[in-house]
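Geometric and topological summary
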Amino acid sequence: MPSVFSSSAIVFSLATLLRVGLLFYGLYQDNNSAMKYTDIDYMVFTDASRFMSQGQSPYLRDTYRYTPLLAWLLIPTAWQPSWLCFLFGKVLFALADLAAGWLLLLVLRTEYPTLSEKTRLKYASIWLLNPMVATISTRGSSEGLLGVLVMALLWAVLTRRTVLVGFLLGFGVHFKIYPFIYAPSVIWFLSPVNKVNKNSSLASKAESVPLLDRVLGFVTRERITVTLVSLLTFSGFNLWMYSLYSYPFLQHTYLHHLTRIDHRHNFSPYNTLLYLSSSSSAAAGESQGLRFESLAFIPQLALSTVAIPLILAKQSLPGAMLAQTFAFVTFNKVCTSQYFLWYLVFLPLYLPSSSFMKSPVLGFGALLMWVTSQALWLHQAFQLEFLGTSTFVPGLWLASLIFYLVNCWILGVIITDVGKRGADKKPLETKDD
């Protein structure tokens, strides 16, 4: 009997069946349970699409905080028959999951050529056969689309397709702001002396080059191309959307995120502060400007856009992007379960040479701590949102703090691993059955 991982066709077929099964289960739960399977965000997306299908602005739908392109993609959900067309977006997001998995496999082949195809499929299955990933997409979260864009960006960088890199970076930031954190790593990685770490004598020679020559040497054709194409792409899409929807586009797609005070389903330790801020703002009838929790972006951006790219990007671009994303999500003032997909897509690229694989006790312990601390938070949140019990302090806040500390520890292990590995990757070989 062939192994599940003996063929990519088997793995992708199982990944497809998993998502099809969840789509049908979602229909059943939505029709028979008070607790709906469909994510509230999907209702926001489809309502916005319905407005667009009528020639109106998607921002007529309260809480639509995305580029109009997303609502445009989902316009078929407004067609008839409604019960069938309503699934279009979920199917699209599920297909995006599979496309991201295919790109992930391509990157694994590039990064780990010594691993067998069977082993690479096992690692790719961490994304493709992950129930959490499949559930989030089939509930109607659009994070699968970001998975495709980010994996395509990584693949394009590793294969030196600079024009495509610039387009994907610019479009990705337009579609969802957070991919901007990858720009420093991409630019730093695209260096003519990117392999200098493999030879200590070359490294010493590079360090002896005069400062002015090193600055001038930083400006390469690849870096200029990526920078210009990404800026033109980002600006082009923004000008196009602004010409159609003017200020509401800027406010809801970008400016809103500077002062957002979302506290529901938020794992961040800032949860309680955001709740208090939302209450006081509602009482005052208006936003009260910059608050303490708004300063969360300082350590968040210092780590994800400066420190980690400078230290890790030339060691391992996939590892650096994982660490960046993990830091960005961990330190963000709003941290929901959908955000976990942002870094889970990088996990198969990191694990082959990670401490978590070399030490099963460490790996299992980290997974157990991450799941348990998350479950602890969900227990407190369930009592608050469904039972009406006030668990803000100390229960929910302490659970948020524990989850935050666990994530900080995992981030430390990731950064240490990527830093040690450097350009000379030595993945953990897995014997085929």
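Computed from a predicted structure; not experimentally measured.

1. Points about the packing of helix α20 (residues 360-385) against helix α21 (residues 392-421)
The contact between α20 and α21 brings their axes to 9 Å, and the two run at 160°. Judged by the inter-axis angle, α20 sits roughly antiparallel to α21. Here the hand of the crossing between α20 and α21 comes out left-handed. When α20 is examined against α21, the residues L362, A366, M369, W370, S373, Q374, L376, W377, Q380, A381 and L384 are found in contact with a partner set consisting of F392, G395, L396, A399, S400, I402, F403, V406, N407, W409 and I410.

2. Re the layout of surface pockets
In this approach a probe as big as a water molecule rolls over the atoms, and the regions it shows empty are the leftover space. Here the second largest pocket is characterised by a volume of approximately 680 Å³. For the lining of the second largest pocket, the secondary-structure elements that each account for two or more residues are α6 (117-128), α7 (131-138), α17 (340-344), α18 (347-350), α19 (355-358), α20 and α21. Counting residues per element, the lining of the second largest pocket draws most heavily on α20, which supplies six residues. Class assignment of the residues belonging to the lining of the second largest pocket gives a composition of 19 nonpolar, four polar and one charged.

3. Brief notes about the pattern of salt bridges
Oppositely charged side chains may form a pair once their charged atoms are brought near each other. What the rule picks out here adds up to nine salt bridges. Of the charged contacts, one joins E117 and R120 as a salt bridge, the two residues approaching to 3.0 Å between their closest N and O atoms. Here E117 and its partner R120 are both found in helix α6, three residues apart, which amounts to about one turn of the helix. E117 gets classed as partly exposed once you look at its relative accessible area, which sits at 27%. The structure contains a network of salt bridges with shared partners spanning D47, R50 and R61.

4. Focus: the side chain of T138
Relative to the helices and strands, T138 resides in helix α7. Take T138: its relative accessible area is 0%, and that puts it in the buried class. A polar contact is formed between the side chain of T138 and the backbone oxygen of A134, at a distance of 2.7 Å. Here T135 takes part through its backbone oxygen, which lies 3.2 Å from a polar atom of the side chain of T138. Dropping the residues within four chain positions of it, T138 is found in contact with R19, L22, L23, Y37, K90 and A94.

5. Things to note about the nonpolar core
In summary, soluble globular proteins display a tendency toward joint burial of nonpolar side chains. Grouped together as the largest cluster of nonpolar side chains are 109 residues, with contacts concentrated most on Y64, L70, W127, L154, F340 and F346. The biggest single contributor to this core is helix α8 (residues 143-158), with eleven residues. If you count residues domain by domain, this core takes at least three from each of domain 1 (141-192 + 216-259) and domain 2 (262-283 + 293-425). Beyond its immediate sequence surroundings of up to four residues, Y64 is in contact with V44, F45, A48, P58, Y59, L70, A71 and H252.

6. A word on a nonpolar patch on the surface
Together, F218, V219, I224, L228 and L232 give the surface a local cluster of nonpolar side chains, amounting to about 470 Å² of exposed area. In this structure, V219 sits in the loop between α12 (211-218) and α13 (221-259). A residue is classified by how much of its surface remains accessible, and V219, at 52% relative accessible area, is exposed.

About the criteria used
- Starting afresh in each chain, residues are numbered from 1 along the sequence in its written order.
- In keeping with the predicted nature of the model, local features appear solely for residues at pLDDT of at least 70, side-chain atom pairs appear and are counted solely at 80 or more, and the whole-chain, interface and lining totals rest on all residues.
- Excluded from the side-chain calculation are hydrogens and water; included are all heavy atoms of the structure.
- Axis definition: a line fitted to C-alpha atoms, over the contacting stretch in the case of helices. Angles run 0 to 180 degrees between N-to-C directions.
- Each helix corresponds to a stretch of at least 4 residues labelled H or I by DSSP, and each strand to a stretch of at least 2 residues labelled E; elements are numbered beginning at the N terminus.
- Roughly parallel refers to an angle under 35 degrees, roughly antiparallel to one over 145, roughly perpendicular to one between 65 and 115, and oblique to any angle outside these ranges.
- It is the rotation of the near helix from the far one that decides the hand of a crossing: anticlockwise by less than a right angle makes it left-handed, clockwise makes it right-handed.
- Note on definitions: a residue-residue contact is assigned when non-hydrogen atoms from the two residues lie within 4.5 Å.
- The pocket and cavity definitions rest on a 1 Å grid over protein atoms only: a 1.4 Å probe that fits but cannot leave marks a cavity, an open set with protein on both sides within 12 Å along at least five of seven lines marks a pocket, and residues lining either have an atom within 4 Å of a point.
- Grid points are joined across faces, edges and corners, and a volume is the space filled by probe spheres set on the points.
- Residues are grouped as follows: nonpolar covers Ala, Val, Leu, Ile, Met, Phe, Trp, Tyr, Cys and Pro; charged covers Asp, Glu, Lys and Arg; every other residue, Gly included, is treated as polar.
- For this analysis, a salt bridge means a side-chain nitrogen from Lys or Arg found within 4 Å of a carboxyl oxygen belonging to Asp or Glu.
- We call a residue buried when its accessible area falls under 20% of the maximum for its residue type, exposed when it is over 50%, and partly exposed in between, using a 1.4 Å probe and counting protein chains only.
- Here a polar contact is taken to be a pair of N or O atoms separated by no more than 3.5 Å, where protein atoms must pair a possible hydrogen donor with a possible acceptor and residues adjacent in sequence count only if both atoms sit in side chains.
- In this description, a nonpolar core means a group of buried Ala, Val, Leu, Ile, Met, Phe, Trp, Tyr and Cys residues linked to one another through side-chain atoms lying within 4.5 Å.
- Where each domain starts and ends follows an automatic or database-derived domain assignment.
- A patch is a set of surface residues, each over 30% in relative accessible area and not in a salt bridge, joined within 9 Å for like charges and within 5 Å for the nonpolar side chains Val, Leu, Ile, Met, Phe, Trp and Tyr.
- For the area figures, the Shrake-Rupley method with a 1.4 Å probe applies, and any residue is considered shielded solely by the protein chains shown.

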